[in-house]
Amino acid sequence: MSAEEFYNKVKADAGLQAALEKATDSGTVADFLSANGCTASADEFASYVAEHS
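Given the structure is predicted, the values throughout are model-derived calculations rather than measurements.

J.: How do you make sense of the packing of helix α1 (residues 3-11) against helix α4 (residues 42-52) when you look at a structure like this?
T.: When two helices pack together, their arrangement is given by the angle between the helix axes and the distance between those axes. Contact pair α1 / α4: the axes reach a minimum separation of 10 Å and the direction vectors enclose 65°. In this structure, α1 crosses over α4, and the sense of that crossing is right-handed. Along its contact with α1, which presents Ala3, Glu4, Phe6 and Tyr7, the element α4 presents Glu44, Phe45, Tyr48, Val49 and His52. Each residue belonging to the contact of α1 with α4 can be placed in one class, and the counts come to 6 nonpolar, 1 polar and 2 charged.

Okay, here's the thing in structure tokens:
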């Protein structure tokens, strides 16, 4: 799934929001994205979030 699709999924799920925050704090965002079916890189996802928050 794209950065946009995953961002929308995260926005709608408090559990994913907490897990993303934990991954961000621990520096494992790329692994988190991959484990959740997001095909965007960590940088691509971060850029998307920055543009749409």
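J.: I keep staring at the packing of aromatic side chains and nothing clicks. Help me out?
T.: Pairs of aromatic rings are described using the distance from one ring centre to the other and the angle between the two planes. Per the counting criterion, the structure on display carries 3 aromatic pairs. Between phenylalanine 6 and phenylalanine 45 the ring centres are 5.7 Å apart and the planes differ by 55°, which places this aromatic pair in the tilted class. With phenylalanine 6 in helix α1 and phenylalanine 45 in helix α4, the pair connects residues that are 39 residues apart, well separated along the chain. When the centroid spacing of 5.4 Å and the interplanar angle of 70° are considered together, the rings of tyrosine 7 and tyrosine 48 count as edge-to-face. Of this pair, tyrosine 7 sits in helix α1 while tyrosine 48 sits in helix α4; the two residues are 41 residues apart in sequence, bridging distant segments of the chain. Both residues of the pair, tyrosine 7 and tyrosine 48, belong to the buried class. Members of the aromatic cluster, joined through ring pairs, are Phe6, Phe32 and Phe45.

J.: How should I be thinking about the nonpolar core in this particular structure?
T.: Soluble globular proteins: nonpolar side chains tend toward being buried together. Counting 14 residues, the largest nonpolar core has Phe6, Leu20, Phe32, Leu33 and Phe45 as its most contacted members. Secondary structure elements with two or more residues in this core: α1, α2 (14-26), α3 (29-35) and α4. Top contributing element to this core by residue count: α1, with 4 residues. When sequence neighbours within four positions are dropped, the list of residues in contact with phenylalanine 6 reads Met1, Leu16, Phe32, Leu33, Asn36, Cys38 and Phe45.

Rules of the game
- Residues numbered from 1 in each chain as written.
- Predicted model: local features only at pLDDT ≥ 70, side-chain atom pairs only at ≥ 80, totals over all residues.
- Heavy atoms only, no water.
- Axes fitted to C-alpha atoms, helices over the stretch in contact; angles between N-to-C directions.
- Helix = DSSP H or I, 4+ residues; strand = E, 2+ residues; numbered from the N terminus.
- Left-handed = near helix turned anticlockwise from the far one by under 90°.
- Contact = heavy atoms within 4.5 Å.
- Nonpolar A, V, L, I, M, F, W, Y, C, P; charged D, E, K, R; others polar.
- Phe/Tyr/Trp six-rings, centres within 6.5 Å; stacked < 30°, edge-to-face > 60°.
- Buried < 20%, exposed > 50% of the residue type's maximum accessible area, 1.4 Å probe, protein only.
- Core = buried A, V, L, I, M, F, W, Y, C linked by side-chain atoms within 4.5 Å.

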